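# Structure assessment
Here are the chains, one letter per residue:
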Protein chains: 2
Amino acid sequence: MPDTVIQLSHGGGGGATAQLIQSVFTSRLGNRYLRRQEDAAVFSITDLWSGMSHSKSDLLQHEHLALTTDSFVISPLFFPGGDIGRLAISGTVNDLLMMGARPRYLTAGFILEEGLLIADLERIVDSMAQVAAQTGIELVAADTKVVEGKGGMMINTTGLGVVDCQNPLGADQARPGDAILVSGPLGDHQACIMSQRMGVHNAILSDVTPLHRPVRALLDQGLPVHCLRDITRGGLATVLNELVQSSDCGAELDEAAIPVHHETQALCAVLGLDPLNMANEGKFVAIVAQEAATAALNSLNQFPESAGAIQIGQITSDKGIVLRTQIGGRRLLTTPWYEGLPRIC
Amino acid sequence: MPDTVIQLSHGGGGGATAQLIQSVFTSRLGNRYLRRQEDAAVFSITDLWSGMSHSKSDLLQHEHLALTTDSFVISPLFFPGGDIGRLAISGTVNDLLMMGARPRYLTAGFILEEGLLIADLERIVDSMAQVAAQTGIELVAADTKVVEGKGGMMINTTGLGVVDCQNPLGADQARPGDAILVSGPLGDHQACIMSQRMGVHNAILSDVTPLHRPVRALLDQGLPVHCLRDITRGGLATVLNELVQSSDCGAELDEAAIPVHHETQALCAVLGLDPLNMANEGKFVAIVAQEAATAALNSLNQFPESAGAIQIGQITSDKGIVLRTQIGGRRLLTTPWYEGLPRIC
């Protein structure tokens, strides 16, 4: 009878490990790289560049790669709107996209806790395979370890992409007068996970999703995008504060314009939380030249994952981030010291 | 007063996370990539290729990259001969080297358990910085998460390298008649960790070390090396079985020639363990054309980390791995089902 739960022996590196890798991972994620089971995946520069819009001859002079890493430690592993597998691939794909890169290759490091149901692991790996296929990123190397624990799991994903973007993108590229756009309502991922952890019943779904369609549409049109950031841990407040510090400028935001779903707003009101400090897993902020704001919003609103995109303010030459509140006041939006909830991403 | 232990708030993504990253990580590991704190590190192909022995014009036609990932979950975090930080960088550097690649860029994903002493974390990061500097690999992206736990930590390292090797290296490149070399005595890492976990007092040191000097010396001389594998989880038995299966051949080994330190042998005898199934973190097997075996051994024996390198057998056309025992018998060396000890790497 096949094993139904993860045991420490699955991490020993011997036959039990090999069988787990074959039955759970290779069968779902296998490709020409993974099947070789070497110490490292080897691919040619030609493979890396396949599908790029520019010619190979530009490569030596102009081309850049992007490399990013993230670990995912969320509990619970499954939640309304997604699971840790969808989160891990989306998170790393999105980090590459934010630097203007086309996601190409991915590695995954699995840390499994003893007692994890193998059926749950299979669902999570299925979910990873699905998002990888959607976004065109290929898993080329993986590693599995088993530790004592309570039946949970953690995943590290590291992504390599090829930068394919006309203008330099970066947190230091915002300029006074630029428009600040967000791609949709904020706070849903963290509100969903908090609800799950506290046993609160509501209809809030995590927004976890890969953002390749809206981001590539913006960039491939050649719109004057200066900076892209996904609004994850720390929320919009943290992301925007980091951004204006890097660009040596400030921002003025219109609180009434910042989109938050009604049910998430209600949960925040009850718990005394601020959606501007809360994590999202499928939303980003785009800093674009003001004259291109309408075109960028029209582009974003074509995709379900960025429907509801809206301008929430402008970059200013004054330092700090000022929030014009709904009752006509002004307050500084600072970086939260901590957001109060572990294991949300 | 500064914090002395890791708290969940250090993982929130807000100010506490930023302060930890600055005081512990950026100050020790910081470089032009990490300091930008973008969603992904961006580097040019020219940067990636700097220091390579071949010309840029060869790049498009011939060049390959290697990408590898590994998670490290060892307990205890500090052990005779090293710590989890030294292990993490060495392990990933070694995986790249085994594919003939020069290690270039590295990412690190830290998962810290609540209660970890910040002073211990600092020692571990110092250790990572030291091995990175020794081996010339540059940490370009990192991530930190905090989870509930018992004050431990886990590290994922993912490495990118440029293949710089005249002949194709791979587990499928072994040929009947090739010499099988090991770079030194086997089993020390696992014997050391077992001793620590069981409270046994002895002088066994982990062999954890980066192998860039002996491996690059072999390859840069242009010796006919067919396959390199580091002998980690699962031990020599697992590594050699995988290798002969990939190459569709077998092996014959001389048990008397396989080097094992006396004290490790004694521990194994007491516990009924086989050093051939045990993990190492600074040893590798090299499959080389038999006529080059002496030159390869002479090269390896010039470096302290591969002093004691020796030929232990030959690749055969018959399948399976036959061990000629010290008392004149012959037994099949199979893959162990599991090695019986978690958290050794």
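These lines cover the structure that appears in this document, whether it is placed above or below.

Criteria and thresholds
Residues numbered from 1 in each chain as written. Chains lettered and ligands numbered in written order. Predicted model: local features only at pLDDT ≥ 70, side-chain atom pairs only at ≥ 80, totals over all residues. Heavy atoms only, no water. Least-squares fit on C-alpha atoms with pLDDT ≥ 70 in both. Contact = heavy atoms within 4.5 Å. Helix = DSSP H or I, 4+ residues; strand = E, 2+ residues; numbered from the N terminus. Axes fitted to C-alpha atoms, helices over the stretch in contact; angles between N-to-C directions. Parallel < 35°, antiparallel > 145°, perpendicular 65-115°, else oblique. Left-handed = near helix turned anticlockwise from the far one by under 90°. Nonpolar A, V, L, I, M, F, W, Y, C, P; charged D, E, K, R; others polar. Salt bridge = Lys/Arg side-chain N within 4 Å of Asp/Glu carboxyl O. Phe/Tyr/Trp six-rings, centres within 6.5 Å; stacked < 30°, edge-to-face > 60°. Buried < 20%, exposed > 50% of the residue type's maximum accessible area, 1.4 Å probe, protein only.

### Quick word on the relation of the copies chain B and chain A
When chain B is brought onto chain A, the operation consists of a screw motion whose angular component is 180° and whose axial shift is 0.0 Å, with 0.0 Å RMSD remaining. In short, the pair behaves as if placed about a two-fold rotation axis. Of all interface residues in chain B, 100% are interface residues in chain A too; the two copies therefore contact each other through one and the same surface.

### Quick notes on unusual backbone geometry
Excluding glycine, residues mostly carry a negative phi; peptide bonds, for their part, are mostly trans. Residue and element names in this part refer to chain A. In this structure, the amide linkage connecting Ser-75 to the following residue, Pro-76, adopts the cis form with an omega of 5°. Mapped onto the fold, Pro-76 is located in the loop between strand E2 (64-72) and strand E3 (78-79). Notably, Asp-248 is not glycine yet its phi reads approximately 55°, a positive angle. Mapping Asp-248 onto the fold places it in the loop between helix H8 (235-247) and strand E10 (250-254).

### Concerning the packing of helix H4 (residues 84-98) of chain B against helix H5 (residues 118-135) of chain B
All names here are of chain B. The N-to-C vectors of H4 and H5 enclose an angle of 30°; their axes lie 7 Å apart at closest approach. Relative to H5, H4 is oriented roughly parallel. Of the two possible hands of crossing, H4 and H5 adopt the one that is right-handed. Between H4, through Ile-84, Gly-85, Arg-86, Ile-89, Ser-90 and Val-93, and H5, the contact on the second element is made entirely by Ile-124, Ser-127, Met-128, Val-131, Ala-132 and Thr-135. Classifying every residue of the contact of H4 with H5 gives seven nonpolar, four polar and one charged.

### Section: the pattern of salt bridges
Per the stated rule, a full pass over the model turns up 40 salt bridges over all chains. Notably, a salt bridge pairs B:Arg102 with B:Asp220, separated by 3.4 Å at the nearest N-O pair. Placement of B:Arg102 in strand E5 (residues 101-113) and of B:Asp220 in helix H7 (residues 212-220) is noted, with a sequence separation of 118 residues between them. Each member of the salt-bridge network shares a partner with another, and the members are A:Glu38, A:Asp39, B:Arg229 and B:Glu242.

### Observations regarding the packing of helix H1 (residues 15-29) of chain A against helix H5 (residues 118-135) of chain A
Residue and element names in this part refer to chain A. Between H1 and H5, the least distance of the axes is 9 Å, while the angle of their chain directions is 25°. With respect to each other, H1 and H5 are oriented roughly parallel. Remark: the crossing between H1 and H5 carries right-handed chirality. In this structure, H1 contributes Leu-20, Val-24, Phe-25, Arg-28 and Leu-29 to the contact, and H5 contributes Ile-118, Leu-121, Glu-122, Val-125, Asp-126, Met-128 and Ala-129. Here the residues of the contact of H1 with H5 are counted per class, giving nine nonpolar, no polar and three charged.

### Brief notes about the packing of aromatic side chains
Residues and elements named next belong to chain B. All told, the structure shown has eight aromatic pairs over all chains when counted by the stated rule. Ring geometry for Phe-43 versus Tyr-105: centroids 4.3 Å apart, planes at 35°, classification tilted. Placement of Phe-43 in strand E1 (residues 41-44) and of Tyr-105 in strand E5 is noted, with a sequence separation of 62 residues between them. Tyr-105 sits in the buried class, given a relative accessible area of 0%.

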